[in-house]
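Chain residues, written in single-letter form:
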Amino acid sequence: MSTPPVEFPVTWAPRRTRVVLLPVCAVLVVLFVVLAVLLPENWQLNDRIMMIASGVLFACVGLMLARPRVRADAEGVTVVNFVRSRRLSWAEIVRVNFRQGDPWASLDLADGTSLAVVGIQSGVGKDQAIADARALRDLVEHHTQV
């Protein structure tokens with residue numbers, strides 16, 4: 001049994017997206033709280049509470065957009081997308097696809113379905129996304145040959 005081509009665990013994530021979204025989410029909550037406090041006196045308490053709740057809701061959407069990542073370890077791959085995450089063993093993954101024009105990579109699975117891998121996306125840099133998809137592909141090929 002040969003050694004894997006990289007040290008485990010390996011994580012791929014659109015880091016620039018997170019660097020932007022996480023502070024923006026914090027600013028949104030603070031901004032909406034300040035707005036709720038500074039609203040004119042004729043606004044009622046429930047209006048102020050809804051203003052704060054709106055800020056929290058917008059921040060939650062931002063956090064959801066910052067969530068995608070892919071983590072590979074010796075046993076398999078964990079794909080975390082916007083809402084769901086899925087753990088796959090190496091044997092479940094048939095192929096890694098990242099075709100020209102695709103917004104993110106996808107996995108062809110042994111059960112005939114495919115799974116989007118939003119953690120490897122072209123929006124944060126095409127060259128980096130291609131390199132990340134190739135690295136994941138190499139790991140899949142390595143583990144299916146073993």
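Here, the structure is the one placed above.
What comes next concerns the included structure. (Residues numbered from 1 in each chain as written. Predicted model: local features only at pLDDT ≥ 70, side-chain atom pairs only at ≥ 80, totals over all residues. Heavy atoms only, no water.)

1. Some points on the nonpolar core
Thought 1: W12, V77, I93, L107, I120 and L136 are the most contacted members of the largest nonpolar core, which totals 21 residues.
Thought 2: When contributions to this core are tallied by element, the ones reaching two or more residues are strand 1 (10-12), strand 2 (69-72), strand 3 (76-80), strand 5 (93-97), strand 6 (104-109), strand 7 (114-121) and helix 3 (126-145).
Thought 3: With near-sequence residues (within four places) excluded, L136 lies in contact with W12, V70, V77, V96, L107 and I120. (Core = buried A, V, L, I, M, F, W, Y, C linked by side-chain atoms within 4.5 Å. Buried < 20%, exposed > 50% of the residue type's maximum accessible area, 1.4 Å probe, protein only. Helix = DSSP H or I, 4+ residues; strand = E, 2+ residues; numbered from the N terminus. Contact = heavy atoms within 4.5 Å.)

2. A few points about the pattern of salt bridges
Thought 1: Scanning the entire structure with this criterion turns up 5 salt bridges.
Thought 2: The closest approach of N and O atoms between R137 and D138, which form a salt bridge, is 3.3 Å.
Thought 3: Here E141 makes a salt bridge to R137, at a shortest N to O gap of 4.0 Å. A residue pair is termed a helical-turn pair when its members lie 3 or 4 positions apart in one helix, as E141 and R137 do in helix 3 at 4 residues.
Thought 4: One network of salt bridges, with partners in common, ties together R71, D73 and R87. (Salt bridge = Lys/Arg side-chain N within 4 Å of Asp/Glu carboxyl O.)

3. Re the packing of aromatic side chains
Thought 1: Within the structure shown, the criterion is met by 3 aromatic pairs.
Thought 2: Consider the rings of F8 and W90, whose centres lie 6.4 Å apart with planes at 45°: the pair is tilted. Pair noted here: F8 is in the segment before strand 1 and W90 is in the loop between strand 4 (85-89) and strand 5, with a separation of 82 residues, a long-range link.
Thought 3: By relative accessible area, F8 is classed as partly exposed at 23%. (Phe/Tyr/Trp six-rings, centres within 6.5 Å; stacked < 30°, edge-to-face > 60°.)

4. Some details on the sheet that holds strand 6
Thought 1: Read across the sheet, 3 strands follow the order 5-6-7 without closing on themselves; strand pairing throughout is antiparallel. Of all the strands in the sheet, the pair left with one neighbour each is strand 5 and strand 7. Between one strand and the next, the sheet's axes are offset by a mean angle of 25°, whatever the strand orientation.
Thought 2: As paired elements, strand 6 and strand 7 share 5 bridges and run antiparallel to each other. Within the sheet, the bridge partner assigned to D108 lies in strand 7 and is S114.
Thought 3: Across the sheet, helix 3 touches strand 5, strand 6 and strand 7, and the angle it forms with strand 5 is around 160°. (Pairing = 2+ DSSP bridges. Axes fitted to C-alpha atoms, helices over the stretch in contact; angles between N-to-C directions.)

5. Looking at the environment of A110
Thought 1: In this structure, A110 sits in the loop between strand 6 and strand 7.
Thought 2: Using a relative accessible area of 56% as the deciding quantity, one classes A110 as exposed.
Thought 3: Sequence separation of A110 and I93 is 17 residues, and the distance between their C-alpha atoms is 6.0 Å.
Thought 4: With residues near it in sequence (within four places) discarded, A110 still touches A91, E92 and V94.

6. Here's the deal with the sheet that holds strand 2
Thought 1: Taken in spatial order, the 4 strands make up an open sheet running 1-2-3-4, and their pairing is antiparallel. Each edge of the open sheet is held by one strand with a lone partner, namely strand 1 and strand 4. Here the strands of the sheet are splayed against their neighbours by 15° on average, with no regard to which way each runs.
Thought 2: Bridge analysis of strand 2 against strand 3 gives 4 bridges, and the strand direction is antiparallel. Across the sheet, residue R71 finds its bridge partner in strand 3, namely T78.
Thought 3: The sheet strands contacting helix 3 are strand 1, strand 2 and strand 3, and the helix crosses strand 1 at an angle near 145°.

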